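Here is what each chain is made of, one letter per residue.
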Amino acid sequence: MAVISEPAAKSEHKGYNRGLILGLTMAESMLLLVFCLLLVAAAIINSERKKVAEAVQELVNVRPLQEENRRLKEQLDDLQRSVDLLAGTSAEAEELQKEWRELVQARDTLRSYQELGLTPKAIAELRRVAEALKRAGIATVDIAALEQRLQQLISAETEQKSSKPHEWPPIINLSEAGGYFFRSGSAELTKAFADKLRGSIASEIAQSLDRYQVDIIEVIGHTDEQPISRTGSNLDQSIIDVVDGRKPITAIIPADNAGLGLARAIAVANVLRADRSLKDAAILPMSGGQLVMPGDVLTTGQAGNVESRRRIEIRIRRRAEPMTP
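Criteria and cut-off values
- Residues numbered from 1 in each chain as written.
- Predicted model: local features only at pLDDT ≥ 70, side-chain atom pairs only at ≥ 80, totals over all residues.
- Heavy atoms only, no water.
- Salt bridge = Lys/Arg side-chain N within 4 Å of Asp/Glu carboxyl O.
- Helix = DSSP H or I, 4+ residues; strand = E, 2+ residues; numbered from the N terminus.
- Buried < 20%, exposed > 50% of the residue type's maximum accessible area, 1.4 Å probe, protein only.
- Pairing = 2+ DSSP bridges.
- Axes fitted to C-alpha atoms, helices over the stretch in contact; angles between N-to-C directions.
- Contact = heavy atoms within 4.5 Å.
- Parallel < 35°, antiparallel > 145°, perpendicular 65-115°, else oblique.
- Left-handed = near helix turned anticlockwise from the far one by under 90°.
- Nonpolar A, V, L, I, M, F, W, Y, C, P; charged D, E, K, R; others polar.

> Got a sec to walk through the pattern of salt bridges? Specific residues and values, please.
Enumeration according to the criterion identifies 15 salt bridges in this entry. Ionic pairing is found between R317 and E218, a salt bridge with its closest N-O pair at 2.5 Å. You can see R317 sitting in strand β8 (residues 312-317) and its partner E218 sitting in strand β4 (residues 216-222), a full 99 residues away along the chain. A salt bridge links E313 to R311, with the nearest nitrogen and oxygen atoms 3.6 Å apart. Among the residues examined, E313 registers a relative accessible area of 4% and is labelled buried. Here R311 falls in the buried class, since its relative accessible area comes to 2%. A cluster of three or more residues bridged by salt bridges with shared partners is formed by D241, D244, R246 and K247.

Dropping the structure here:
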């Protein structure tokens, strides 16, 4: 009996079908699998980034608590030592209490010296030099009088600190929380924003200048991480004219977020500079660009249209050295 073989084309089609998975070839199936794995990996990486940002924020919040815990522990140790001293006989307790007060006073005095930049070694060296000068007759130095005067200065400084505790000037944040943010890619101030700067914000800054005895106002402009699609910038050519008020803020054309942050800072600084209550302070515009997120946290790369990041921060401080003409 004759055997009729199938056509070659039909045989090849069957072989091709055996290499398919759900209608896809092996190569297509592998590409689909790799794509799915990449999606899962991206989700895992994004989750880890959020965890890192949260951990950094928690660390920033914990540091002041650690300092307060150290101070409270020191006070608790002092109280415990006092209780231990009082547990003995009356005479012993009185003697030990006296010695303990002397130790505490010595500790506080040493801390005062250290705050002034004086170490025990430096004080001993100064005393040796003064005695050498006195023996040589080069200068008449009263060591006891110098020590007494130094102690008076330290006591006066301690009383001043106790009467007015050390405080850091506040940071004024003008962001979405108060409705003060910039349009995307713009450094122009809205009328409401400018009016607020001339009103309550300028008054708050003036009060802080007087309270903390400072004379520098730093205006820091921030942006989100949207790239600026512009190749050219005229910042170098226009910035001085805008700061001096000869040109409007719209004359500045930045080509990156660092320049845009500086333009926003200049816009706010120009409004504050026109306020008479701030005339004795130096107002310095600066740029944080897209690097610093709200809460003083460096970005890990979070793109997108985020209004709260298009903000201004105003910090005040004391000039490090007197300004020379």
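> Tell me what's going on with the sheet that holds strand β3 (residues 172-174), and back it up with residues and numbers.
Reading across from one edge, β3-β8-β4-β5 is the order of the four strands in this open sheet, with mixed pairing throughout. For this open sheet the edge positions go to β3 and β5 (282-289), each flanked by a neighbour on one side alone. Strand after strand, the sheet turns through a mean of 20° between neighbouring axes, direction not considered. Sheet strands touched by helix α8 (residues 257-273): β4, β5 and β8. Its angle to β5, the strand with the most contacts, is close to 155°.

> I'd love a proper account of the packing of helix α7 (residues 235-243) against α8, names of residues and values included.
Contact geometry of α7 with α8 gives a least axis separation of 10 Å together with a crossing angle of 15°. Put simply, α7 runs roughly parallel to α8. The element α7 and its partner α8 pack so that their crossing is left-handed. Across from L235, I239, V242 and V243 in α7, the residues of α8 making contact are G259, L262, I266, N270 and R273. Here the contact of α7 with α8 is composed, by residue class, of six nonpolar, two polar and one charged.

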